[in-house]
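An overview of the molecular structure
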Amino acid sequence: MTTANSAFDDTVSFDHRHIDLENRDDVYVVGDVHGCLDELEALLGTLDLGANDLAVFVGDLVRKGPESKAVLDRVRRSPRLVSVRGNNERKLLEGDASLPALDAVDYQYIESLPTAISWDGGLVVHGGVDPSRPLSGHSGDDVLTMRSPDGDGYDGPFWFETYEGPPRVFFGHTVLEEPIEREWAVGLDTGCVYGGDLTAYDVRRDELRSVSGTGHVERPSEKFVAADG
């Protein structure tokens with residue numbers, strides 16, 4: 001059974017950052033970058049961000065691809081780029097993974113990333129939400145890693161198949177053959193590091209933008225969700 005979540009508010013237990021879109025022109029949400037600097041630069045070139053625009057990343061800026069440090073530098077140094085924390089950032093902080101190229105400044109920045117970024121009607125997290133629970137019933141780990149609330153990873157069923165909002169949730173984490181664009185869920189991890197696309201969603205115009213990835217690692221066979229999945 002699906003239960004519509006209440007509007008995002010301060011009752012949640014996980015850390016979040018609220019932004020006011022009224023003070024922004026164009027707003028984009030960008031999928032998992034995974035250290036793919038060339039693709040990131042190409043995508044940002046197509047977005048052509050103005051001084052009052054904003055791009056929000058769904059996390060997993062790092063690991064798997066070749067340029068994690070450069071990607072972190074690129075996002076950290078621009079006031080027009082912000083990100084939530086992904087599971088790969090968490091792995092670095094918890095010592096489950098390492099990137100020797102990163103320094104103390106990089107780790108301080110990763111530590112500063114919120115679990116969620118919200119605006120009126122919208123929520124950006126890395127993983128997703130459980131449709132059967134209100135947002136107030138989610139932990140930070142829930143929204144960071146959510147994929148299949150009652151299943152086993154990529155075996156499904158996936159949370160976004162029955163989620164009915166609000167808010168509209170923008171997410172990564174689950175590698176998709178094509179981006180998912182639904183009334184209440186927008187999935188943007190289209191496997192750039194595996195040779196798929198790096199995808200952004202234009203929140204104002206309800207449009208998708210993407211650039212092709214060159215592929216830096218082989219995608220495991222289980223990490224695949226068909227367009228109608």
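The structure contained in this document is the topic of the report that follows. (Residues numbered from 1 in each chain as written. Predicted model: local features only at pLDDT ≥ 70, side-chain atom pairs only at ≥ 80, totals over all residues. Heavy atoms only, no water.)

1. Thoughts on unusual backbone geometry
- In this structure, P157 follows G156 across a cis peptide bond, with omega equal to -5°.
- Looking at the secondary structure, you find P157 in the loop between α5 (140-145) and β7 (168-171).
- P167 follows P166 through a cis peptide bond whose omega is 5°.
- As for its placement among the helices and strands, P167 is situated in the loop between α5 and β7.
- Here H34, not a glycine, exhibits a phi torsion of approximately 55°, which is positive.
- Mapped onto the elements of the fold, H34 is located in the loop between β2 (27-30) and α1 (37-47).
- We classify H34 as buried; its relative accessible area is 4%. (Helix = DSSP H or I, 4+ residues; strand = E, 2+ residues; numbered from the N terminus. Buried < 20%, exposed > 50% of the residue type's maximum accessible area, 1.4 Å probe, protein only.)

2. Concerning the packing of α1 against helix α2 (residues 68-76)
- Contact geometry of α1 with α2 gives a least axis separation of 9 Å together with a crossing angle of 30°. As summarised for this structure, α1 and α2 are arranged roughly parallel, according to the angle between their axes. Taking contact as the criterion, the partners of L37, L40, E41 and L44 in α1 are, on α2, A70, V71 and R74.
- Its residues assigned to classes, the contact of α1 with α2 comprises 5 nonpolar, no polar and 2 charged. (Axes fitted to C-alpha atoms, helices over the stretch in contact; angles between N-to-C directions. Parallel < 35°, antiparallel > 145°, perpendicular 65-115°, else oblique. Contact = heavy atoms within 4.5 Å. Nonpolar A, V, L, I, M, F, W, Y, C, P; charged D, E, K, R; others polar.)

Take it as geometry only, folks, not as evidence of what the structure does.
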